[in-house]
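# Structure at a glance
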2 protein chains.
Amino acid sequence: MIGNVIVGQSGGPTSVINSSLLGVFKTAKDRGAKKIYGMLHGIKGLLDDQYVDLAEKIKTDIDIDLLKRTPSSYLGSCRYKLPEIEGNEETYQKIFAKLDVLGIKYFFYIGGNDSMDTIKQLSDYAALVHSDISFMGVPKTIDNDLAVTDHTPGFGSAAKYIAATVKEIIRDGLVYDYPTITIVEIMGRNAGWLTASAALAKGEDCEGVDMIYLPEKVFDIDKFMARVRKISVAGHSMVIAVSEGIKVEDGRYVFELSDHVEFVDAFGHKQLAGSAKFLANKIGSELGIKTRAVELSTMQRCAAHMTSRTDITEAFNVGGAAVKAAFEGESGRVVVLKRISDDPYMCITETHDVHDIANVEKKVPLEWITDDDYVTDELIHYIRPLIQAELSPIMVDGLPRHLNVNF
Amino acid sequence: MIGNVIVGQSGGPTSVINSSLLGVFKTAKDRGAKKIYGMLHGIKGLLDDQYVDLAEKIKTDIDIDLLKRTPSSYLGSCRYKLPEIEGNEETYQKIFAKLDVLGIKYFFYIGGNDSMDTIKQLSDYAALVHSDISFMGVPKTIDNDLAVTDHTPGFGSAAKYIAATVKEIIRDGLVYDYPTITIVEIMGRNAGWLTASAALAKGEDCEGVDMIYLPEKVFDIDKFMARVRKISVAGHSMVIAVSEGIKVEDGRYVFELSDHVEFVDAFGHKQLAGSAKFLANKIGSELGIKTRAVELSTMQRCAAHMTSRTDITEAFNVGGAAVKAAFEGESGRVVVLKRISDDPYMCITETHDVHDIANVEKKVPLEWITDDDYVTDELIHYIRPLIQAELSPIMVDGLPRHLNVNF
């Protein structure tokens with residue numbers, strides 16, 4: 001007799017995080033789990049006795065297919081970090097007592113490196129108290145900054161949305177016969193994987209972006225301005241991709257450079273424009289060129305109408321693989337993707353010790369960033385397979401249909 | 001023997017403006033036009049002898065199908081306004097001389113109300129000098145602010161993109177268990193049609209946006225803040241749609257209210273945040289709530305991967321109808337759409353005197369805006385048919401493919 005299962009979603013949502021939830025749900029159900037609970041708002045929901053019986057929410061095949069196309073975390077999310085075990089045993093006792101009441105033997109947490117810390121702490125505590133509950137991490141983040149795994153589910157769909165949207169912005173940005181400069185700001189405060197995805201826009205039918213700036217490399221603002229001046233004086237329009245997290249040499253973010261901006265809120269915090277807005281304003285004022293700052297904002301993580309089928313499938317698979325490993329006795333581990341072939345692209349799942357993954361950030365290798373403010377072909381070849389194939393939206397009355405969220 | 005044809009695109013681009021270009025091209029070709037020229041960058045290109053023979057650019061069926069899916073103006077655009085005829089006859093003589101050299105008998109201009117001014121001026125001048133060249137306007141604008149026509153091609157696709165994206169932003173915005181406020185800024189400086197489209201997000205699977213603010217109605221910032229405070233104190237998250245052009249009672253735009261902002265560029269111009277950013281900052285600082293401003297920016301006018309098939313078809317049809325009318329002897333007129341049935345939705349084309357359309361803005365009727373900061377069902381029923389059906393992108397190597405622009 002298989003014990004009960006509980007699963008939660010945590011951290012920033014993605015377009016495919018619900019496919020991982022389905023991977024856990026369907027695999028656990030197929031393998032005989034009696035009850036599969038979903039924590040609402042992650043571990044915080046569990047602490048507040050907020051959970052659902054997933055079989056009551058995901059009932060039919062159409063529910064499953066709609067959930068695959070529903071962005072953001074179906075079960076809700078949280079940004080809650082568990083305290084250190086030492087000195088906070090009562091928090092852990094409370095959690096384990098609640099798991100006991102529900103008869104939970106398998107605990108799955110879908111999230112990024114912060115969320116993997118939850119799995120680390122809970123499995124460490126389980127070892128300490130000789131609990132037989134299995135704790136498994138299921139990777140998820142658009143940022144692709146998780147260690148050990150080849151890439152993270154969620155990244156491929158965000159990369160596809162970014163590349164497709166940047167292609168469209170390039171067409172829009174190059175339409176006039178005088179120089180205009182469009183700066184596209186892309187998420188990833190510390191890791192440039194998403195911003196690098198803008199490079200995929202370039203192809204037979206698209207000029208691509210002119211420059212790409214990742215946070216891994218110091219942003220030389222004088223060199224940037226000189227380059228923009230040179231190209232625009234020659235009469236050319238440009239589209240430039242920048243990470244929200246680009247920094248200048250002294251370590252300040254570009255969006256912190258705005259000595260002109262003096263928007264101070266009621267708490268005395270400076271309200272800052274984004275990196276793209278700052279650069280667009282600077283170019284506009286110093287070079288007198290028409291500029292536009294475009295932020296891809298939350299759309300890049302919730303555009304479920306434009307996902308990668310490869311990503312959806314892998315997101316499902318890491319959820320299913322976590323269940324399989326847990327049911328076979330593993331705990332304190334995270335499912336990772338291992339690329340076993342580049343061409344043709346093939347990826348398998350493995351599991352890895354959570355201690356090597358929690359709280360670690362994987363950045364873009366510096367040798368994949370070129371001196372002429374672009375990225376190498378290696379980086380493009382690394383990302384390209386992850387955006388392949390589509391899962392067409394289910395269109396109802398003109399709009400993509402999602403699964404109702406009615407908790 | 002049919003004379004030669006020339007066609008141009010002008011003003012801000014849309015996702016379907018190239019379908020109107022195709023409507024002109026294909027209909028003119030089918031009806032026996034010998035040469036069909038495309039002005040590059042509108043009338044400005046003609047003045048600079050920048051034009052192409054369209055048959056050399058659009059050669060195959062696949063070219064046609066790719067062009068339907070290519071956003072922004074394939075021929076480039078301009079924001080050039082012709083001067084008054086009186087006192088500037090030499091400009092008009094120059095244009096007509098160039099048309100003469102090319103043997104042009106039919107001139108088509110695809111654009112919004114500014115662009116229709118070009119048709120008005122040219123057809124007025126033609127009458128003055130007894131020219132037999134026909135000048136016809138083909139309507140285009142995401143803003144839907146053109147007079148006489150039921151709606152404008154370009155609007156339906158932008159509305160579909162906005163509604164679909166707002167649905168996704170709502171899922172993303174309601175994911176946490178503490179109140180967060182997302183403010184989505186939508187284009188339309190003076191007309192609220194696009195912002196109103198956010199109302200289409202609401203349905204069986206979506207809570208919809210909480211409030212919608214159009215530029216047609218004075219924005220009461222105190223009432224707004226009181227309402228946000230009340231809902232957020234109750235613990236609810238919110239998604240709010242605002243037009244970029246909302247104004248307070250004294251006539252200032254909301255984005256001009258930022259007395260805190262002192263970003264002054266080299267020319268002494270105040271650099272301003274958008275309406276959404278201003279309101280998000282205000283809520284964040286005064287109410288201490290987590291906020292996010294999302295600007296749909298140029299994406300709402302160039303998202304060719306998410307167009308309305310109804311819109312694409314109508315965009316093609318207005319181009320074709322302009323050719324038919326011109327070949328039958330009309331000039332100084334604009335093709336307009338006339339809704340002959342609401343349910344089932346049916347629209348036909350007619351032509352109308354350009355003098356009633358050029359430089360006139362059609363706004364949202366005040367009776368379609370409710371006192372509780374939303375829009376009426378009439379407004380939703382007006383927009384809904386325009387977003388119906390899809391034109392699926394042609395996906396190549398993971399991304400939507402466009403027609404090469406290689407002039």
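Residues numbered from 1 in each chain as written. Chains lettered and ligands numbered in written order. Predicted model: local features only at pLDDT ≥ 70, side-chain atom pairs only at ≥ 80, totals over all residues. Heavy atoms only, no water.

## A short note on the packing of helix α8 (residues 221-233) of chain B against helix α9 (residues 275-287) of chain B
All names here are of chain B. With their axes 11 Å apart at the nearest point, α8 and α9 run at an angle of 55 degrees to one another. With respect to α9, the element α8 is oriented oblique. Every pair of crossing elements has a handedness; the one defined by α8 and α9 is right-handed. Contacts from Ile221, Phe224, Met225, Val228 and Arg229 of α8 reach α9 at Phe278, Leu279, Lys282, Ile283, Glu286 and Leu287. Residue classes in the contact of α8 with α9 are distributed as eight nonpolar, no polar and three charged. (Axes fitted to C-alpha atoms, helices over the stretch in contact; angles between N-to-C directions. Helix = DSSP H or I, 4+ residues; strand = E, 2+ residues; numbered from the N terminus. Parallel < 35°, antiparallel > 145°, perpendicular 65-115°, else oblique. Left-handed = near helix turned anticlockwise from the far one by under 90°. Contact = heavy atoms within 4.5 Å. Nonpolar A, V, L, I, M, F, W, Y, C, P; charged D, E, K, R; others polar.)

## Observations regarding the relation of the copies chain B and chain A
The transform that puts chain B on chain A rotates by 180 degrees and translates by 0.0 Å along the axis, for an RMSD of 0.0 Å. What the rotation and shift describe, once combined, is the action of a two-fold rotation axis. Taken together, the interface assignments show that 100% of the residues at the interface of chain B recur at the interface of chain A, consistent with an identical surface on both copies. (Least-squares fit on C-alpha atoms with pLDDT ≥ 70 in both.)

## Points about the sheet that holds strand β4 (residues 104-111) of chain A
Residues and elements named next belong to chain A. Spatially, β3-β2-β1-β4-β5-β10-β11 is the arrangement adopted by the seven strands of the open sheet, whose pairing is mixed. Looking at the sheet topology across the chains shown, the edges are occupied by β3 (51-53) and β11 (345-353). The sheet shows a mean angle of 25 degrees between the axes of neighbouring strands, taken without regard to direction. For strand β10 (residues 333-342) and β11, the ladder comprises nine bridges, and the chain directions are antiparallel. Within β11, the residue paired with Lys338 across the bridge is Ile348. (Pairing = 2+ DSSP bridges.)

## So, the interface of chain B and chain A
Between chain B and chain A, the residue contacts involve 74 residues of the former and 74 residues of the latter. In total, chain B and chain A occlude about 6300 Å² of area from one another, counting both sides; carbon and sulfur atoms represent 56% of this. Linking chain B to chain A there are 10 salt bridges. In this structure, Arg401(A) engages Glu204(B) in a salt bridge whose closest nitrogen and oxygen atoms are separated by 3.0 Å. On the surface where chain B and chain A come into contact, there are 33 residue pairs in polar contact (both at pLDDT 80 or more). Elements represented by at least two residues in the side of chain B that touches chain A include exactly α6 (155-173), α9, β9 (290-295), α10 (299-302) and β13 (399-400) of chain B. (Buried area = accessible area lost by both parts, 1.4 Å probe. Salt bridge = Lys/Arg side-chain N within 4 Å of Asp/Glu carboxyl O. Polar contact = N/O pair within 3.5 Å; in protein donor to acceptor, adjacent residues only side chain to side chain.)

## A word on the environment of Tyr106(A)
All names here are of chain A. Structurally, the position occupied by Tyr106 is in strand β4. Residue classification places Tyr106 among the buried residues on the basis of a relative accessible area of 13%. A sequence separation of 27 residues divides Tyr106 from Ile133, and the C-alpha atoms of the two residues are 5.7 Å apart. Those residues in contact with Tyr106 that lie beyond four places of it in its chain are Ile2, Gly3, Asn4, Val5, Ile6, Ile133, Ser134, Ala326 and Phe327. (Buried < 20%, exposed > 50% of the residue type's maximum accessible area, 1.4 Å probe, protein only.)

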